[in-house]
Amino acid sequence: MVRLDPTDQGILYLLQRDARNNTTTGIGERVGVSSTTVGNRIAKLEDRGVITGYVPILDYGKAGLEHHLLLTATAPVDDRSRLAEEALGVHGVVTVREHLAHHRNLELEIATSTRDEVEETLSGLADLGLDIVRNDLLKRELHQPADNFGKEVVDE
């Protein structure tokens, strides 16, 4: 586990809020350090695996992918990790979460343009050996930073 001081926590909070529109100068002003320090801290957080990437949050409907679903699946426990990675290769799959459970141990998010593509995605997942046990149409998803990562440092 990586220990994070208040400066790292404040940086992470602001990046989670809006990585695209926060500059190192702006972050530095909010957490009380120089922009160089912010840049160095971000690089170290990336190197240590705390920050694993920067992914935009999409409105799939506005992007032409009106069929946005959450699936719950069961994979054989011994194959769960491999199948989770392979599921990302199936057309339409955008996110896979792996759970430490025997049943309902994968959660998948899919986004497709057509109903036929949904069926194609479901078929591809079944071909991998996944048993889809729940299928929900997603209406809306909301996000916020983890409150324990620096909200108090930036005084919002």
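So, how was this worked out
- Residues numbered from 1 in each chain as written.
- Predicted model: local features only at pLDDT ≥ 70, side-chain atom pairs only at ≥ 80, totals over all residues.
- Heavy atoms only, no water.
- Helix = DSSP H or I, 4+ residues; strand = E, 2+ residues; numbered from the N terminus.
- Polar contact = N/O pair within 3.5 Å; in protein donor to acceptor, adjacent residues only side chain to side chain.
- Axes fitted to C-alpha atoms, helices over the stretch in contact; angles between N-to-C directions.
- Parallel < 35°, antiparallel > 145°, perpendicular 65-115°, else oblique.
- Contact = heavy atoms within 4.5 Å.
- Nonpolar A, V, L, I, M, F, W, Y, C, P; charged D, E, K, R; others polar.
- Pairing = 2+ DSSP bridges.

Undergrad: How should the environment of D5 be read in this particular structure?
TA: Along the chain, D5 falls in the segment before α1 (6-18). Spatially, the C-alpha atoms of D5 and G150 are 9.1 Å apart, while their sequence positions differ by 145 residues. At 3.1 Å, the side chain of D5 forms a polar contact with the backbone nitrogen of T7. At 2.9 Å, the side chain of D5 forms a polar contact with the side chain of R41.

Undergrad: Which parts of the structure should I look at to understand the packing of helix α2 (residues 24-31) against helix α3 (residues 35-47)?
TA: The geometry of a pair of packed helices is captured by two quantities: the angle between their axes and the separation between those axes. The N-to-C vectors of α2 and α3 enclose an angle of 100 degrees; their axes lie 8 Å apart at closest approach. One finds that α2 runs roughly perpendicular with respect to α3. Contacts between α2 and α3 involve T24, T25, I27 and G28 on the former and, on the latter, S35, V38 and G39. When its residues are assigned to classes, the contact of α2 with α3 shows 2 nonpolar, 5 polar and no charged.

Undergrad: Would you mind showing me how to read the packing of α1 against α3 here?
TA: At a minimum axis separation of 10 Å, α1 and α3 run at an interaxial angle of 85 degrees. Judged by the angle between their axes, α1 and α3 are roughly perpendicular. Across from T7, D8, I11, L12 and L15 in α1, the residues of α3 making contact are V38, R41, I42 and L45. Residues that form the contact of α1 with α3 fall into these classes: 6 nonpolar, 1 polar and 2 charged.

Undergrad: I tried to follow unusual backbone geometry on my own but got confused; where do I start?
TA: Note on backbone geometry: most residues besides glycine have negative phi, and most peptide bonds are trans. Backbone geometry places R104, a non-glycine residue, at a positive phi of 55 degrees. Note on placement: R104 falls in the loop between β2 (93-98) and β3 (106-112).

Undergrad: Just to check I follow, could you spell out the sheet that holds β3 for this structure?
TA: Think of a sheet as strands paired side by side through backbone hydrogen bonds, with each pair either parallel or antiparallel. Spatially, β2-β3-β1-β4 is the arrangement adopted by the 4 strands of the open sheet, whose pairing is antiparallel. Among the strands making up the open sheet, the edge pair consists of β2 and β4 (131-137). In this sheet, neighbouring strand axes are inclined to one another by 20 degrees on average, regardless of whether the strands run parallel or antiparallel. Examined bridge by bridge, strand β1 (residues 67-74) and β3 share 7 bridges and lie antiparallel to one another. By the bridge assignment, A73 is partnered in β3 with L106. Sitting on the sheet, helix α4 (residues 80-87) touches β2 and β3, and the angle it makes with β2 is about 165 degrees. Packed onto the sheet, helix α5 (residues 115-128) meets β1, β2, β3 and β4 and runs at close to 150 degrees relative to β3.

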